[in-house]
Amino acid sequence: MPKKVVSAVAAGLLAASFLTACSADSTGGGDGRLVLGFAQVGAESGWRTANTKSVRESAEEAKVTLKFSDAQQKQENQIKAIRSFIQQRVDVIAFSPVVESGWDTVLKEAKNAKIPVVLTDRAIDSKDTSLYTTFLGSDFVEEGKKAGDWLTKEYEGKDGTVNIVELQGTTGSAPANDRRAGFAQAVKGDPKFKVVASQTGDFTRAKGKEVMQAFLKSQPDIDVLYAHNDDMALGAIQAIEEAGKKPGTDIKIISVDGIKDAFQAMADGKINVVVECNPLLGDQLMDLAKKVSKGESVPARVKVDEGVFTQEQAAAALPDRKY
Ligand code: AHR
């Protein structure tokens, strides 16, 4: 066999084995349908599970062949998945970056291979905007601001320091960086708001609980918990209850996402407010993928409409929650 063919076969086998190792799969066949390679972050949260379901269902409905890879929250896995999609010559690559930086090299490879890239859910930090065609997702800075705005209204006209602990999302990820910045911006005008401890809970329930346990030990007087997602807030609620305190009353809780479990916790009085972040991006993603594969122009940024929900609205809104 000529050398080139041997290495192409080896590369193909490598790509196939990588996708299997990272719990990847594909639907549809080589029947002229659009092939979309999707490199997902992982399965760290209720939000993520809903996002994956939405992408899978929308691909099926839109008759798009989906090659799906789960990076298990590791950037190196996502980079391997993207390289594998390039080798397989998919029509479009979409991915939700685990962290913001470190993507230029692999995205240049996609660009050289003339495969358009759609960022979904999370943005990247790169000066070279030609490395991707469009970004579909929420405005995380705005979400952080909404969380901070709720807090400033809640304590309007009240004296005394407000001690806040913050459960950050995955270190280096866009939602962790932006939700932190947006919140800080909203509360910075009033010195009574003090973030006394801030640490990552990696967007998971288990870590959220573990870090909250540590906060409760090191901080004698916590007034507010700001959690960058619902799963960490729900884990923290367990820690607060086990410490003999009442979540939502002794410690006010602000969270982000809007999964059903969080709405239930709000209806039960354990979370005070949830800033919505919509994971149901599948239909918009398929639409964008079809357009970019045909070279049609699409907006550089596609935002998602989202609200803020308080305890008073939770019970009524619960039956209509789709995730
Ligand atoms: O990127 C969106 C964030 O990632 C969600 O808020 C969080 O739950 C998820 O894991």
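Residues numbered from 1 in each chain as written. Predicted model: local features only at pLDDT ≥ 70, side-chain atom pairs only at ≥ 80, totals over all residues. Heavy atoms only, no water.

What about the pattern of salt bridges?
As a reminder of what qualifies: Counted as salt bridges are all cases of a side-chain nitrogen of Lys or Arg within 4 Å of a carboxyl oxygen of Asp or Glu. The secondary structure listing takes helices from DSSP runs of H or I that are at least 4 residues long and strands from runs of E that are at least 2 residues long, numbered from the N terminus. Three exposure classes are used, based on accessible area relative to the maximum for each residue type with a 1.4 Å probe and protein chains only: buried under 20%, partly exposed in between, and exposed over 50%.
Under the defined criterion, the tally for this structure stands at 18 salt bridges. With a shortest N-O distance of 2.9 Å, Asp121 and Arg48 are connected by a salt bridge. Of this pair, Asp121 sits in the loop between strand S5 (117-120) and strand S6 (134-136) while Arg48 is found in helix H2 (residues 46-61), placing the two residues 73 residues apart along the sequence. There is no split in this pair, since Asp121 and Arg48 are both buried. Members of the salt-bridge network, linked through shared partners, are Glu44, Arg48, Asp121 and Arg122.

Side note on unusual backbone geometry
Despite not being glycine, Asp202 shows a phi value in the positive range, around 55 degrees. Within the fold, Asp202 resides in the loop between strand S8 (193-200) and helix H7 (205-218). According to the relative accessible area criterion, Asp202 is partly exposed, its value standing at 24%. A positive phi angle, near 70 degrees, is found at Phe203, a position not held by glycine. Structurally, Phe203 can be placed in the loop between S8 and H7. Assessed through its relative accessible area of 4%, Phe203 is described here as buried.

Looking at the packing of helix H3 (residues 75-87) against helix H4 (residues 104-112)
Geometrically, a packed helix pair is captured by the angle between its two axes and the distance between the axes. Just so we agree on the cut-off: Lines are fitted to the C-alpha atoms to define the axes, a helix being fitted only along its stretch in contact, and any angle between axes, read from their N-to-C directions, falls within 0 to 180 degrees. By definition in this entry, angles of less than 35 degrees are roughly parallel, angles greater than 145 are roughly antiparallel, angles of 65 to 115 are roughly perpendicular, and the rest are oblique. In this description, contact between two residues means that some pair of their heavy atoms is separated by no more than 4.5 Å.
Running from N to C, H3 and H4 point in directions that differ by 10 degrees, and their axes come no closer than 10 Å. Judged by the angle between their axes, H3 and H4 are roughly parallel. Every residue of H4 that contacts H3 at Ile79, Ile82, Arg83 and Ile86 is listed here: Thr105, Val106, Glu109 and Ala110.

Quick notes on the side chain of Ser138
Structurally, Ser138 can be placed in the loop between S6 and helix H5 (140-154). Leave out the neighbours within four places in its chain, and Ser138 touches Asp121, Glu143, Cys277, Asn278, Arg301, Val304 and Glu306.

Topic: the domain arrangement of the protein
As a reminder, the rule being used: As used throughout, domain bounds are those supplied by an automatic or database domain assignment. The term buried area denotes the loss of accessible surface (1.4 Å probe radius) that occurs when two parts are joined, taken as the sum for both partners. Residues were grouped as follows: Ala, Val, Leu, Ile, Met, Phe, Trp, Tyr, Cys and Pro as nonpolar; Asp, Glu, Lys and Arg as charged; and all remaining residues, including Gly, as polar.
Domain annotation for the protein reports domain 1 (30-138 + 279-305) and domain 2 (140-277). Each of domain 1 and domain 2 has a C-alpha centre, and the two are 30 Å apart. Residue-level contacts link 13 residues of domain 1 with 17 residues of domain 2. In total, domain 1 and domain 2 occlude about 1200 Å² of area from one another, counting both sides; carbon and sulfur atoms represent 52% of this. For domain 1, the biggest contributors to the area lost against domain 2 are Trp47, Glu100 and Ser138; these three give 38% of the whole. Here domain 1 is connected to domain 2 by zero salt bridges. Looking at the side of domain 1 that touches domain 2 residue by residue, the classes come out as five nonpolar, four polar and four charged.

Some thoughts on the packing of H7 against helix H8 (residues 230-242)
The line we're drawing: Note: crossing handedness is left-handed where the near helix turns anticlockwise from the far helix by less than a right angle, and right-handed where it turns clockwise.
Interaxial distance between H7 and H8 falls to 7 Å at its minimum, and their mutual angle equals 45 degrees. Taken together, the axis directions place H7 and H8 in an arrangement best described as oblique. Like other packed secondary-structure pairs, H7 and H8 cross with a definite hand, here right-handed. Here Arg205, Gly208, Lys209, Met212, Gln213 and Leu216 of H7 come into contact with H8, specifically with Asp231, Met232, Leu234, Gly235, Ala236, Gln238, Ala239, Ile240 and Glu242.

A word on the site of the ligand
Quick reminder of the rule: One heavy atom suffices: a residue is near a molecule or strand as soon as one of its heavy atoms comes within 4 Å of it. Between N or O atoms, a polar contact is any pair within 3.5 Å; within protein, one atom must be a potential hydrogen donor and the other a potential acceptor, and residues adjacent in sequence are included only when both atoms are from side chains. For the area figures, the Shrake-Rupley method with a 1.4 Å probe applies, and any residue is considered shielded solely by the protein chains shown.
Around the ligand sit Glu44, Ser45, Trp47, Arg48, Asp121, Arg122, Phe140, Pro175, Arg179, Phe203, Asn229 and Asp257, and that is every residue in its neighbourhood. At 3.0 Å, a side-chain N or O of Ser45 approaches an oxygen atom of the ligand. Arg122 is positioned such that a nitrogen or oxygen atom in its side chain is 2.8 Å from an oxygen atom of the ligand. Compared with its free state, where it exposes 280 Å², the ligand has 100% of that area covered by protein. For the shell around the ligand, the secondary structure elements donating two or more residues are H2 and helix H6 (174-187). Taken domain by domain, the shell around the ligand gets at least three of its residues from each of domain 1 (30-138 + 279-305) and domain 2 (140-277).

A look at the sheet that holds strand S9 (residues 224-227)
Here is the rule: Whether two strands pair comes down to DSSP finding at least two bridges between them.
Pairing is mixed in the open sheet, where six strands are placed in the order S8-S7-S9-S10-S11-S13. On the outer flanks of this sheet lie S8 and strand S13 (308-310), each paired with one strand and no other. The mean inter-strand angle of the sheet, taken between neighbouring strand axes irrespective of direction, is 20 degrees. Where strand S11 (residues 273-276) lies against S13, three bridges are found, and the strand directions are antiparallel. If you follow Val274 over to S13, its bridge partner there is Phe309. Of the strands in this sheet, strand S7 (162-168), S8, S9, strand S10 (252-257), S11 and S13 touch H5, which is tilted by about 160 degrees from S10.

Brief notes about the pairing of strand S3 (residues 65-70)
Our working definition: Whether a crossover is right-handed depends on one test, that the path from the first strand over the helix to the second runs clockwise when the strands point away from the viewer.
Among the six residues that make up S3, six are buried, leaving the element largely enclosed by the rest of the structure. Judged by which residues are buried, S3 turns out to be covered on both faces: Thr65, Lys67 and Ser69 on one side and Leu66, Phe68 and Asp70 on the other are all buried. Taken together, the six bridges between strand S2 (residues 35-40) and S3 define a ladder with parallel strand orientation. Looking at S3, one finds that Gly37 is bridged to Lys67. Regarding topology, H2 serves as the crossover connection from S2 to the parallel S3, and that connection is right-handed.

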